[in-house]
Amino acid sequence: MKIAILSQSKNLYSTRRLVEEAKIKGHSVMVVNTLRCYMNITSSKPSIHYKGKDLDNFDAVIPRIAASITFYGTAVLRQFEMMGVFPVNESVSISRSRDKLRSLQILSRKGLGMPITGFARSPDDVDDVIRMIGGPPLVVKLLEGTQGIGVILAETRSASESLIDAFLGMEVNIMVQEYIKEAEGSDIRCFVVGNKVVAAMKRQAKEGEFRSNLHRGGTACSVKITPAERKTAVAAAKTLGLNVAGVDMLRSSRGPLIMEVNSSPGLEGIEKASGKNVASMIIDFIEENARPCRTGTKGSKQ
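Student: Sorry if this is basic, but what is going on with the sheet that holds strand S4 (residues 47–50) here?
Tutor: Note: strands within a sheet are paired through backbone hydrogen bonds, in either parallel or antiparallel orientation. In space, the three strands of this open sheet follow the order S3-S4-S5, with antiparallel pairing throughout. In this open sheet, the two edge strands, each paired with only one partner strand, are strand S3 (37–40) and strand S5 (53–54). Bridge analysis of S4 against S5 gives two bridges, and the strand direction is antiparallel. Residue pairing in the sheet places His49 in a bridge with Asp54 of S5.

So, in structure tokens, the structure goes:
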């Protein structure tokens, strides 16, 4: 097959691994810088141009779209879909997952477990939001944050009020979540491909930190997940319509709680921690499922 990988750099670990595995399996693969794509939007023959040439005759596209370019990246991916190219993850599903509030609302509607979450706009409502969450300690998150950036733990009521007031005064969108103490600074990432969890790892925050992101100095190791965690991860990916996803969960006294569903999960941490060849499994999924795209939205109709 002829496979395109939407990525801003061919040197990124995840991109490099996907290229390697695609070539090992005998496929032609091209890394395409998303921001260098430009489009001819027409009903007769939609096309994508790249460095002066048409991008055509691709069988599948793997979107590795950075959060910072979600709007343009999903527009490019939609164009591939219009041209009948099979997307590993559909553009609408990526857009859902990148909107943290919307994705939690969709998951909540399906009855999937998550921390109690509050969302407000007016400083006058701060007191009631804190009470709704269950009081401090609580976690304040910027909706646009990634890799642990803009995630802050407020341990007292006065700190919570001051922090939320400050963010609302800056007119940035935030959500407030309960702090799951029993997780002890760790979370579980389940890597879903198709309808199954193919690898999992436990991420542990460094001493004095509650964010377990590897970019924040956290460490990762292989972990055996429970049937409930496996079922939750698969259901979360399916609900958002994602074929490939990193589902981040906390282990709580009331079962697994979903923190986030990542539509472009990195491969380096999960492959090294689990010892699994995840890149190869993604190419296998393409081989088994690639077909002319019908741009039918999967997951919940939200």
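Resuming the write-up.
Student: Quick question: what am I supposed to make of the environment of Glu271 here?
Tutor: For Glu271, the location among the structural elements is in helix H8 (residues 268–274). At 3.1 Å, the side chain of Glu271 and the backbone nitrogen of Val278 are in polar contact.

Student: Looking at this structure, I do not really get the sheet that holds strand S8 (residues 117–118). What am I missing?
Tutor: Pairing in this open sheet of four strands is antiparallel, and the strands run S8-S11-S9-S10 from one edge to the other. Of all the strands in the sheet, the pair left with one neighbour each is S8 and strand S10 (151–154). The pairing of strand S9 (residues 138–142) with S10 spans four bridges and is antiparallel. Residue pairing across strands places Val140 opposite Ile152, the latter belonging to S10. Strands S8, S9 and strand S11 (174–178) of the sheet are contacted by helix H5 (residues 126–133), whose axis makes an angle of about 35 degrees with S11.

Cut-offs used in this document
Residues numbered from 1 in each chain as written. Predicted model: local features only at pLDDT ≥ 70, side-chain atom pairs only at ≥ 80, totals over all residues. Heavy atoms only, no water. Pairing = 2+ DSSP bridges. Helix = DSSP H or I, 4+ residues; strand = E, 2+ residues; numbered from the N terminus. Polar contact = N/O pair within 3.5 Å; in protein donor to acceptor, adjacent residues only side chain to side chain. Contact = heavy atoms within 4.5 Å. Axes fitted to C-alpha atoms, helices over the stretch in contact; angles between N-to-C directions.

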